[in-house]
Each structure stands twice: as structure tokens, then as C-alpha cells.
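Listed below are the residues making up each chain.
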Amino acid sequence: MAQNTRETALSDLHPEDVGRLMGLLVHDLRNPAATFGANIEFLMEAGSDDPDAREALEDLGLALAEVKRGLDLMSYIGRWLIGEPALMGGDGDLALVLPPLAQELSGFQVELELPEATPLRVLGASAVAEVLRIFLANSKHHVRHEGALLRARVEGEQIIVECVDRGPAMPAELRDAASTLAGQGTIKARPSGRYSRFAGLLAAHAIAESVGARVEYGGEDGAAIFRVIAQRA
């Protein structure tokens, strides 16, 4: 009986196949993740007089939350690869969405710079917020506790929101790669590549595309810019 080789197994591989496989893996991993979460919650409620034990449980809870976040990002990419919208969302006002978003990351100060008395209604507001959530997580990972700035402006029929931090700026030669499947290994291999865990920048691209928005990278070292350009609603 002929043995399957790596070449045979990959000969007909297409992005859709990768997307479906990612969807299966995400589905399969959510059940054990939920079991871990339920048991961690049970043990926390049961209580313990050992402070080290409680600290260990808290660490497990944080690690599990990160795994769940990774599964969300993988699901966005998987849907995008099979040609489905990565994330849909109704129209909304970013002036209402951005303040609570800026408070989500514990131990990381996010300043807001929004135009006064100006509606910031965009198509797919929740999707735009998810892109910015990815950008802020990237900032926290790469600049630690130095914080970031979210600033928004209106330009014609577009609303532009930028996440600015004091980390290294994405090099010009890597900016296109950051939004491709093949480019994730490339940006991870470079200290200045600003790789996001679980291929977060690729997920950001996929989510933005779902609602007619796009992502861009710019700035300079010490003033790195992660930008989403959304359509006004």
C-alpha cells in the first residue's frame, strides 16, 4: 500500500481548506476550555487558606482567558479564509464605544482624543472596536506599561481611528506582510515586526475587511501608529 507523503497531503491545499480546519480546531478546543473555566471558578468559590494556591488559580484563570481570546481570533481568520465575513456588526457611534474600550486592559493606561460634539457613526461599529481591541493588546504586549493613545478624526466619508504607542513602528517593508497569512512568520521573526499573539494583526485585517474598513501601519519608533479606516454610517 502506497504511503501518504507530505507532498501528497498538501498538494491540493487551498485557503478554504485551512479555514475549515481552523474552524474545526476552534470548535474542538472550546469544550475543554469551558471545562477548565468551570473548574477554576468552582475552586475559587470553594476557597482556600493557602495564598499560593489562590494565586495559582488566578494565574490559571488569566492564562485560560488568553487561550479563549486566541480561539476567537482563530475563528475570525478561519471564517475569512473560507470567504465568510470574519465578524459582522451593526452601525454604531464610536464616541460611545471607545471610552469603555479604553478601560478594558488592566494595568494599561489608554488616553482618548476624540473630536468634540461630532458623531462618529461607522458601519460595523463592533467590528471596528474589535480591530482596535487587537491593536491595544499589541501595544500592551510591546510597550508594557507605557500606555497608548486612541485618537479619532473624520475625513469626508471616512472615520479614522489610530492607536499610537511608544514602541517600534512597523517597518515599511513589513506592513503588507502583516495582513497576510504567509507574513505572520515573517513579522514574528523580526523584533520590530510587532507580531500579535494568535496572528492578531491578520485577524484585524480580516475583521476590518468584513465591514468595508481597512487597516494601515505607520508612524516612527517611539510613535508607532496602528490605524483603522472605517466607512461613515
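Predicted model, so just to flag it, every value in this text is computed and none were measured.

### Points about the packing of aromatic side chains
Piece 1. A full pass over the atoms with the stated rule returns three aromatic pairs.
Piece 2. On the numbers, 6.3 Å between centres and 70° between planes, the contact of Phe 135 with Tyr 217 is edge-to-face. One end of the pair, Phe 135, is in helix 5 (residues 125-143); the other, Tyr 217, is in strand 6 (residues 214-220), and 82 residues separate them in sequence. For the residue pair Phe 135 and Tyr 217, the accessibility class agrees, reading buried in each case.
Piece 3. Between Tyr 217 and Phe 226, the ring centres sit 5.5 Å apart and the planes meet at 80°, which makes this aromatic pair edge-to-face.
Piece 4. Note on Phe 226: relative accessible area 1%, which makes it buried.

### Details of the pattern of salt bridges
Piece 1. If you walk through the whole model with that rule in mind, you get 14 salt bridges.
Piece 2. Salt-bridge contacts for Arg 153 lead to Glu 162; the nearest nitrogen and oxygen are separated by 3.5 Å.
Piece 3. By relative accessible area, Arg 153 is classed as partly exposed at 33%.
Piece 4. Residues Glu 216 and Arg 214 are paired through a salt bridge, measuring 3.3 Å at the closest nitrogen-oxygen approach.
Piece 5. Residue classification places Glu 216 among the partly exposed positions, given a relative accessible area of 27%.

How each quantity is defined
Residues numbered from 1 in each chain as written. Predicted model: local features only at pLDDT ≥ 70, side-chain atom pairs only at ≥ 80, totals over all residues. Heavy atoms only, no water. Phe/Tyr/Trp six-rings, centres within 6.5 Å; stacked < 30°, edge-to-face > 60°. Helix = DSSP H or I, 4+ residues; strand = E, 2+ residues; numbered from the N terminus. Buried < 20%, exposed > 50% of the residue type's maximum accessible area, 1.4 Å probe, protein only. Salt bridge = Lys/Arg side-chain N within 4 Å of Asp/Glu carboxyl O.

Everything listed here is a matter of geometry and, on its own, says nothing about what the molecule does.
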